[in-house]
Every structure is written in C-alpha cells, then in structure tokens.
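Working through the structure, step by step
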Amino acid sequence: MKKILSIMTAAMLGTAVSAQETYDNAQLATKDLNGTARYVGMGGAMEALGADLSTIGTNPAGIGMFRRSMVAGSFGFNSQQDAKSFGNANKTNMSFDQAGFVYSMRSGRHSMLNFGFNYTKSKNFDQILTAAGRLNNASQNKLSAMKNANGVYTLQDKNNGLVSNSGAYSQADYLYSNVLFNHYDANNPNDPNNATLTDKGVIVNQTTGLPVYYNATGYDFGRSTTGYIGQYDFNVSGNSNDRFYWGFTVGIYDVHYNGSSLYSESLVDGNTAIGDVAMNDERKITGTGFDVKAGLIFRPAEESPFRIGLYVHTPTWYDLTTRNYTVLDNKTSEAYGSSDYGKSSESYDFKFYTPWRFGVSLGHTVGNYLALGATYEYADYTTNDIRVNDGGEVDYWGNYYETSSRDEAMKQNIKNSLKGVHTVKLGMEFKPEKNFAVRLGYNYQSAMYNKNGFKDGSLESYGTYYASTTDYTNWKDTHRFTAGVGYNYGKFSFDLAYQYSQTNGDFYPFMSYVDNSEPKFDNVCDAVKVSNKRNQLLFTVGYKF
C-alpha cells in the first residue's frame with residue numbers, strides 16, 4: 001500500500017506576504033448588469049436619464065434628478081442555461097439584488113439637494129463550468145515536470161519531502177512532486193521510473209536521466225462557484241435650475257467568493273493505462289474594498305429635454321484574504337507514485353486594485369411617453385494592480401501604516417493577458433398610458449481577455465507560488481438582451497425585468513509548453529469551447545413619499 005502524505009506548504013522565502021494571480025483576480029474586477037428592474041429592463045442605459053436608484057453606482061448625478069424621496073427593493077431568480085450538473089451546485093438560485101432610498105429636499109425654487117444609499121449585488125458568482133478534452137502526450141503533471149527539468153524551479157529533499165524556494169513552485173507542482181513522481185523511494189524495486197533527485201534539484205529516471213512524468217489520454221474538469229460582491233453606495237447629489245445635475249458616491253464593497261473544482265486525468269505509461277489522478281481544490285476569497293465615483297448631467301439647451309452625462313470611477317481598492325484546501329488523489333497502479341494522496345492548504349492576505357472607469361451618456365425624452373438612453377464606458381484592465389503586503393511601519397506619532405509593493409512579474413502577465421473593455425448600453429422606455437411602461441434594452445461588453453493570454457505558471461511570483469489550480473478561460477464578448485414592464489399605483493411602483501446574457505470562452509486545463517529541441521517533451525493542449533448563458537428575472541417594489 002502506498003504511503004499517505006499530508007502536506008502543508010511553506011510560505012515562499014519564509015515570509016507571510018503574498019499576491020494573487022491574474023485570472024483569479026480578474027473575476028473580481030468586473031460588474032454584472034444588476035440593480036432595479038427598471039434599470040435592468042433598459043439595459044442599464046440610464047446614466048443621462050437619471051432618477052433611478054441604480055445610477056448611484058454608475059453616474060451619481062442621476063440621483064440629483066429625484067424630486068421626491070423614494071425607497072425600493074429588488075429580488076429575483078438567476079438561472080444558468082445548458083449547464084451540466086456538478087457537485088451540489090444549483091443551476092437556479094434566488095437572489096436579493098438591491099435595496100436603497102433617496103431623501104430629497106428642496107434647496108431653492110428650482111434646485112434640489114438629495115442624499116441616497118443603495119445596496120446592489122454588483123457581482124453574482126453563481127456558476128457551473130464543465131469541460132472535457134483529449135490530451136495527446138500532455139498532462140498537468142507533465143507541466144510540473146517540465147518546469148522542474150528546465151530550471152524554472154529546483155527542488156531540495158527535506159525531511160523526506162520536496163521543497164523549493166522558487167516563486168514558480170506552485171501548490172500543484174508541490175503535490176505532484178511529492179505524491180506522484182516517487183522521488184524519495186528510488187530504492188523501491190517496483191518503481192518503474194527508478195526516480196531520483198539530482199544534485200541540480202531535478203527529478204529524473206536514474207537509468208535514462210530523462211524527466212519523470214506521465215502523459216494522459218484525456219481530462220475531465222468541473223467547477224462550481226458561489227457567492228457575491230455586495231456594493232454599498234452612499235451619495236450626495238443635487239441640481240441647479242433643473243439644468244445642471246451633480247453627484248458624488250462613496251462605495252464600499254464586501255467580497256464573498258467560494259469555488260470548488262475537480263480536475264482528473266487518465267494517465268498512461270507508454271501505451272499502458274495506469275489509472276487516474278484527481279486534483280480537488282476548494283478556494284475562498286473574502287475581503288473589503290472602496291471607491292469614489294463622481295458624475296454630472298446637463299441640458300445644453302434650456303428648452304430641450306436632451307441631456308448629456310459624464311462620470312468617472314476611481315479604482316476599487318481591495319484588501320483581500322484567500323484560502324485554499326487542495327487534495328491530489330492518486331488512483332494509479334500500486335507501483336506508481338509514493339502516496340495515495342497529498343493535501344495542501346494556505347491562507348494569506350493581499351491587495352488588488354481595479355482600473356479607473358470613464359463614461360459618457362446621452363438621454364432624451366419625448367413628452368411623457370418615451371425615454372431613450374445610450375451609454376459608453378471604458379475601463380483598461382491592463383492597469384489591474386496586484387500588490388504584495390510588505391508589513392507596516394509606525395510613524396512619529398505611533399500610528400501604524402500597512403505598506404505594499406507591486407508584484408512586477410504578475411503585473412507583466414496582466415498586461416499580456418488582459419486588455420481594455422468597451423461597454424455600450426442602449427435602452428428605451430415607452431408609456432402607452434400614464435401608469436404603465438414597456439422597456440427594452442441591449443448591453444454589450446467587449447472581451448477583457450486577450451485570445452492569446454494564459455495563466456503563466458512559470459512566473460517567479462507569489463501569485464504562482466500560492467496557486468493551487470492551473471486552468472484558465474479566455475472569455476470573449478458579453479451580450480445582454482433585456483426587457484421589462486412597470487406599473488405605478490398611487491405612491492407605489494411595481495417593475496419586472498428579464499435579462500438574457502451570453503458569454504463564450506476558450507477553456508484550457510493548463511498552459512502549454514513547447515520544447516524547441518525535444519518534441520516529445522512538448523506539453524500542448526487545445527482549447528475547449530465553453531459558454532455561460534444566464535437568465536435573470538428581477539422584481540422591484542418602490543414607494544415614493
């Protein structure tokens with residue numbers, strides 16, 4: 001029977017600081033189309049029309065257009081279309097999406113001063129992602145082996161286990177090195193590889209001197225994610241003579257991300273099937289952040305209802321904690337590997353800063369029966385910043401300040417893998433009669449990921465060192481189609497919206513490696529097409545007073 005190996009990875013270079021990885025953090029930087037049913041039903045194109053609670057988080061000047069106080073709350077259902085079952089994840093989930101109020105007070109004959117608060121679920125992480133594909137002379141464990149063979153990291157035998165001080169030595173590499181490659185059992189006559197650790201810190205076959213690894217014929221992958229980012233916006237806004245509207249919002253963010261994945265490969269030794277290995281990973285990301293948003297809306301011509309809106313958002317400055325628990329289950333034949341399974345876990349703090357956002361919008365009304373809106377927004381995700389916590393220092397008065405520095409290696413990967421994103425919103429509201437409204441909207445978001453971007457496991461970085469998975473997805477453009485209805489009854493308003501969104505992507509189980517001198521050492525996997533199709537039904541109840 002193989003031994004059972006329990007591993008708790010040691011922090012790189014003996015420190016407790018760290019930073020996360022490009023793809024893990026990118027999902028925290030974007031926002032969903034969510035809020036009130038009226039806002040969603042119009043595709044979010046209300047940054048110049050204003051007078052909706054959801055504009056508190058996009059163009060804060062929209063709150064300045066309120067002339068009466070209001071309170072509203074929204075809830076609904078989110079359903080993922082065409083998703084395969086994985087674990088205990090549900091394809092359909094109920095969601096509490098928005099709650100807020102505006103207190104409006106007159107500051108002059110034609111001027112208002114308003115105060116507002118709004119909670120929005122700015123990001124809903126509920127998703128199931130599954131993929132499967134063939135692997136021809138490639139595998140996840142081969143990637144770890146080739147990194148070692150090419151000196152990306154070197155190994156040391158310590159207490160009958162392998163360790164490395166290299167920042168490119170991930171938790172996945174650690175598990176494969178200790179569980180599957182059989183390095184410290186070289187005298188075992190049943191070891192088909194006669195594995196040994198060289199004085200250069202590389203695991204090789206003692207007889208041939210070649211790297212030790214196993215190819216795979218195919219893989220299966222599944223991940224379920226749950227959780228959300230809660231956005232709490234506090235606003236002060238107003239208008240001057242019903243022509244110029246202004247607003248400022250301070251946003252506080254609350255992050256709750258939970259991910260559970262299972263990756264398995266069917267391994268071969270030459271042409272002989274030797275069994276499977278499975279990597280089960282559980283990861284949590286929690287923390288808080290804040291940003292500041294400012295905006296204005298103005299009517300160029302006094303006699304015309306046409307208006308223009310402008311807004312800017314600072315980066316969201318996040319302080320985050322990530323935790324993982326990862327198990328490598330070795331189900332190969334008895335002679336392969338040295339352990340039935342190994343486990344690894346880590347917990348650490350880091351900082352993550354999102355990009356600036358800039359937006360311009362147009363709005364126009366025709367009588368009291370038609371409203372038209374359009375918005376363009378730009379955010380450059382190559383400016384995402386992952387920062388290492390350096391500790392802190394105490395100033396002259398005894399105050400403690402935490403310091404951080406940029407993870408330069410991961411920053412370069414961000415520039416190579418991400419790009420600027422263009423968002424276009426179009427919306428219309430038509431009132432066939434005074435108290436009833438029909439809405440349509442379209443929302444387009446260009447791809448954040450470069451098609452040739454990848455999760456680089458060879459970087460000398462804390463983000464690589466603490467990584468426990470190797471997969472990544474280059475998601476493409478997002479298209480959202482929305483529709484809704486609304487009805488006013490006295491001081492109450494009732495709004496219903498439907499949203500369909502679709503994002504396609506290319507899934508990779510691990511980065512590819514090409515050896516220019518030995519093609520047999522190539523470790524190349526093709527992309528698998530995946531998609532995220534979602535349906536949302538949203539209901540809002542409001543009350544004006």
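Read on for a plain summary of the structure. Numbers given to residues run from 1 along each chain, matching the order in which its sequence is written. For this predicted model, a pLDDT threshold of at least 70 governs which residues receive local features, and a threshold of 80 or more governs which side-chain atom pairs are given and counted, while totals over whole chains, interfaces and linings are taken from all residues. Hydrogens and water are ignored here; the side-chain numbers use all heavy atoms of the structure.

Some words on the overall build of the protein
- The helix and strand labels rest on DSSP assignments: H or I over at least four residues marks a helix, E over at least two residues marks a strand, and numbering proceeds from the N terminus. Scanning the protein for helices and strands turns up six helices and 23 strands.
- Taken against the 2.2 N^0.38 rule, which gives 24 Å for 545 residues, the C-alpha radius of gyration of the protein at 27 Å falls within 12% of a compact globule.
- With 545 residues in all, the protein has 56% of them scored as buried.
- Accessible surface is estimated by sampling points in the Shrake-Rupley manner with a 1.4 Å probe; for residues, cover comes only from the protein chains shown. Surface summary for the protein: the accessible area is close to 22,900 Å², and the carbon and sulfur share equals 55%. The reference for a compact globule is 2.2 Å times residues^0.38; the radius of gyration itself is calculated from the C-alpha atoms. Here's how the labels work: a residue is buried when its accessible area is under 20% of the maximum for its type, exposed when over 50%, partly exposed in between, all with a 1.4 Å probe on protein chains only.

Overview of unusual backbone geometry
- A positive phi angle, close to 55 degrees, is found at Asn241, a residue other than glycine.
- When you line up the elements, Asn241 lands in the loop between strand 9 (215-240) and strand 10 (244-269).
- A relative accessible area of 51% places Asn241 in the exposed class.
- The phi torsion at Asp242 lies on the positive side, around 55 degrees, for a residue other than glycine.

With respect to the environment of Asn416
- With respect to the element layout, Asn416 can be found in helix 5 (residues 408-417).
- Between the C-alpha atoms of Asn416 and Glu393, which are 23 residues apart in sequence, the distance is 34 Å.
- Setting aside residues up to four positions removed in sequence, Asn416 forms contacts with Asn450 and Gly453. Note on contacts: a residue pair is in contact if any heavy atoms of the two residues lie within 4.5 Å.

Quick look at the nonpolar core
- In this description, a nonpolar core means a group of buried Ala, Val, Leu, Ile, Met, Phe, Trp, Tyr and Cys residues linked to one another through side-chain atoms lying within 4.5 Å. Grouped together as the largest cluster of nonpolar side chains are 73 residues, with contacts concentrated most on Leu28, Leu135, Leu320 and Phe352.
- With six residues, helix 4 (residues 171-180) is the largest single contributor of residues to this core.
- The contacts of Leu320, once residues within four sequence positions are left out, are Leu28, Val255, Ile285, Thr286, Gly287, Thr288, Tyr348, Asp349, Phe350 and Phe352.
- Counting residues in each nonpolar core, the second largest holds seven residues, with Leu53, Met70, Ala72 and Val102 among its members.

Thoughts on helix 3 (residues 140-149)
- Counting buried positions over the ten residues of helix 3 gives nine, a clear majority of the element.
- Within helix 3 the residues assigned to the buried category are Gln140, Asn141, Lys142, Leu143, Ser144, Ala145, Met146, Lys147 and Asn148.
- Summarising the contacts, the buried residues of helix 3 are in contact with strand 4 (127-138), helix 4, strand 8 (203-205), strand 9, strand 10 and strand 11 (272-298).
- Of the residues one or two after helix 3, Gly151 is the one with positive phi, at around 80 degrees.

A few points about the pairing of strand 9
- Being paired, for any two strands, means DSSP has found at least two bridges between them. Relative to strand 9, strand 3 (residues 111-124) is paired through twelve bridges, and the arrangement is antiparallel. Pairing of Asn124 across the sheet is with Tyr228, part of strand 9.
- Pairing between strand 4 and strand 9: nine bridges, direction antiparallel. Each residue of the ladder has a partner; that of Ala131, found in strand 9, is Phe221.

What about the pattern of salt bridges?
- Salt bridges, as used here, are contacts in which a Lys or Arg side-chain nitrogen is within 4 Å of a carboxyl oxygen on Asp or Glu. Evaluated as defined, the whole model comprises 19 salt bridges.
- The shortest N-O distance in the salt bridge between Lys123 and Asp32 comes to 3.7 Å. Here Lys123, found in strand 3, pairs with Asp32, found in the loop between helix 1 (22-29) and helix 2 (37-41); they are 91 residues apart in sequence, far enough to count as distant.
- Overall, the relative accessible area of 14% leaves Lys123 in the buried class.
- Note that Lys331 is salt-bridged to Asp329, the shortest N-O span being 3.9 Å.
- Take Lys331: its relative accessible area is 52%, and that puts it in the exposed class.
- Three or more residues are tied together by salt bridges with common partners; here these are Arg38, Glu429, Arg439 and Asp495.

Points about the packing of aromatic side chains
- The criterion for an aromatic pair is that two Phe, Tyr or Trp rings (for Trp, the six-membered ring) have centres within 6.5 Å, with stacked assigned to planes under 30 degrees apart, edge-to-face to planes over 60 apart and tilted to the rest. The final tally for this structure, using the stated rule, is 28 aromatic pairs.
- Ring geometry for Tyr318 and Phe352: centres 6.5 Å apart, planes at 5 degrees, overall stacked. Highlighted residues: Tyr318 in strand 13 (residues 317-332) and Phe352 in strand 14 (residues 341-353), separated in sequence by 34 residues. Just as Tyr318 is buried, Phe352 falls in that class too.
- Here the aromatic residues Tyr23, Tyr449, Tyr472 and Tyr508 are joined through ring pairs into a cluster of three or more.
- Geometrically, a lysine NZ or arginine CZ counts as sitting over a ring once it is within 6 Å of the ring centre and also within 35 degrees of the ring normal. Across the ring face of Tyr228, the terminal group of Lys121 is positioned such that the distance to the ring centre comes to 5.4 Å.

A look at the pairing of strand 22 (residues 492-508)
- Pairing geometry for strand 21 (residues 472-489) and strand 22, over 16 bridges, is antiparallel. Across the sheet, residue Thr478 finds its bridge partner in strand 22, namely Thr503.
- Here strand 21 hands over to strand 22 after two residues, with Gly490 in that stretch at a positive phi of 65 degrees.
- Alignment of strand 22 against strand 23 (residues 528-544), held across 16 bridges, turns out to be antiparallel. Pairing of Ser493 across the sheet is with Gly542, part of strand 23.

With respect to the packing of helix 3 against helix 4
- Interhelical geometry of helix 3 versus helix 4 gives an angle of 95 degrees and a closest axis separation of 9 Å. When the interaxial angle is binned, helix 3 and helix 4 end up roughly perpendicular. Residues Gln140, Asn141, Ser144 and Lys147 of helix 3 form the contact with helix 4, whose own contacting residues are Ala172, Asp173, Tyr176 and Leu180.
- The residue makeup of the contact of helix 3 with helix 4, split by class, is three nonpolar, three polar and two charged. Each axis is a line fitted through C-alpha atoms, taken for helices only over the stretch in contact, and angles between the N-to-C directions span 0 to 180 degrees. The scheme is simple: roughly parallel for angles under 35 degrees, roughly antiparallel for over 145, roughly perpendicular for 65 to 115, oblique for anything else. Residue classes follow a fixed rule: Ala, Val, Leu, Ile, Met, Phe, Trp, Tyr, Cys and Pro count as nonpolar, while Asp, Glu, Lys and Arg count as charged, and any other residue, Gly among them, counts as polar.

Observations concerning the environment of Glu265
- Here Glu265 lies in strand 10.
- Distance in space between the C-alpha atoms of Glu265 and Ala216 is 6.1 Å, their sequence separation being 49 residues.
- Residues contacting Glu265, with those up to four places away along its chain left out, are Leu135, Ser139, Gln140, Asn141, Tyr176, Ala216, Gly218, Tyr219, Gly275, Asp276, Val277 and Phe510.
- Between N or O atoms, a polar contact is any pair within 3.5 Å; within protein, one atom must be a potential hydrogen donor and the other a potential acceptor, and residues adjacent in sequence are included only when both atoms are from side chains. A polar contact of 2.6 Å, which involves the side chain of Glu265, links it to the side chain of Tyr263.

No statement about biological role is implied by the geometric values presented.
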